[in-house]
Amino acid sequence: MKRLAGLAIILALTLGGPAVLAQDEERGEVGVFVDYVRLRHADNTNFWGPGAQVAFNLNPHVQLEAGMSYLPERTFVTTTGTGTTTTTTQNGLRLLQGMFGPKFQTGIGPVKAFLVLKGGFLNFSVSNRGIGAGFAGAVGNITDGDTNGVFYPGVGFEFGRRIGLRAEVGDLMYFDRGANHNLRVAVGPTFRF
């Protein structure tokens, strides 16, 4: 699976590179976003965290896009029925996801609708480390840890020209004893170059 993903990336860059460099106008975009995932098999737990992505134009309607996000552990607050006792617990579960694939978008202009079809990975790690050390541990744990294949179809809108705002929603499907469907929403600024 990992070798196939690496081969797909190399093939896409080899075939898409000349088309990207031949563009007279925008060549692509970079962006940061807040990523929200509602993990169904963890009692519909809501995870959110930062992410970043980069995309290169193959033509005005198709981009190749890659992104990664890290969703740190959640803190849960539980209150008794009388409201007198509050308990704070952490589950230590962290999510690291990386995805790559095509983005199909409407024409050039300040408002674009788009569809993405991406594949990649979702890594689950459990740690009591801080955010920075937890991220480094999750990255190092991709090949040896609980990493699952992902297919992600999503839709969204972008607003703006050189600097814009992007919002998307989709089904983050990871494969572990069958397909597991999870809501994913990402919102953040984009910068076109």
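So, here is what we can say about the structure in this document. Only a predicted model underlies this, so the values are computations on that prediction, with no experimental measurement involved.

1. Thoughts on the overall build of the protein
- The helix and strand tally for the protein stands at two helices and ten strands.
- For the protein, the α and β elements follow one another from N to C terminus as α-β-β-β-β-β-β-β-α-β-β-β.
- The 193 residues of the protein split such that 39% are buried.
- Intrachain contacts of the protein at a sequence separation of at least 6 include 61% that bridge at least 24 residues.

2. Notes on unusual backbone geometry
- The backbone of Arg177 shows a phi angle near 60 degrees, a positive value even though the residue is not glycine.
- Structurally, the position occupied by Arg177 is in the loop between β9 (163–175) and β10 (179–192).
- On the basis of relative accessible area, Arg177 is assigned to the exposed category, the value being 82%.

3. Re the nonpolar core
- Judged by nonpolar contacts, the single largest core of 16 residues is most densely connected at Leu39, Leu95, Leu122, Phe124, Val150 and Leu172.
- Elements supplying a minimum of two residues to this core: β1 (28–39), β6 (93–105), β7 (111–126), β8 (146–160) and β9.
- Sort the elements by how many residues they give to this core and β7 lands first, with four residues.
- If we skip the residues at most four places from it in the chain, Leu95 touches Val37, Leu39, Phe47, Ser69, Tyr70, Leu71, Leu122, Asn123 and Phe124.

4. A word on empty space enclosed by the protein
- Overall, the coordinates contain two cavities of 30 Å³ or more when judged by the stated rule.
- In this structure, the largest cavity encloses a volume near 50 Å³.
- In terms of lining residues, the largest cavity is bounded by Phe33, Gln53, Gly67, Met68, Ser69, Gln97, Met99, Lys118 and Arg184.
- Mapped onto the lining of the largest cavity, the elements with two or more residues apiece are β3 (62–71) and β6.
- By residue class, the composition of the lining of the largest cavity is three nonpolar, four polar and two charged.
- Here the second largest cavity defines a volume of roughly 40 Å³.
- If you go around the second largest cavity, the residues you meet are Gly31, Val32, Phe33, Gln53, Arg166, Ala186, Val187, Gly188, Pro189 and Thr190.
- Broken down by element, the residue count for the lining of the second largest cavity peaks at five residues, all from β10.
- Across the lining of the second largest cavity, the residue classes tally to five nonpolar, four polar and one charged.

The rules behind each value
Residues numbered from 1 in each chain as written. Predicted model: local features only at pLDDT ≥ 70, side-chain atom pairs only at ≥ 80, totals over all residues. Heavy atoms only, no water. Helix = DSSP H or I, 4+ residues; strand = E, 2+ residues; numbered from the N terminus. Buried < 20%, exposed > 50% of the residue type's maximum accessible area, 1.4 Å probe, protein only. Contact = heavy atoms within 4.5 Å. Core = buried A, V, L, I, M, F, W, Y, C linked by side-chain atoms within 4.5 Å. 1 Å grid on protein atoms, 1.4 Å probe; cavity = no way out; pocket = protein on both sides within 12 Å on 5 of 7 lines; lining within 4 Å. Points joined across faces, edges and corners; volume = space filled by probe spheres on them. Nonpolar A, V, L, I, M, F, W, Y, C, P; charged D, E, K, R; others polar.

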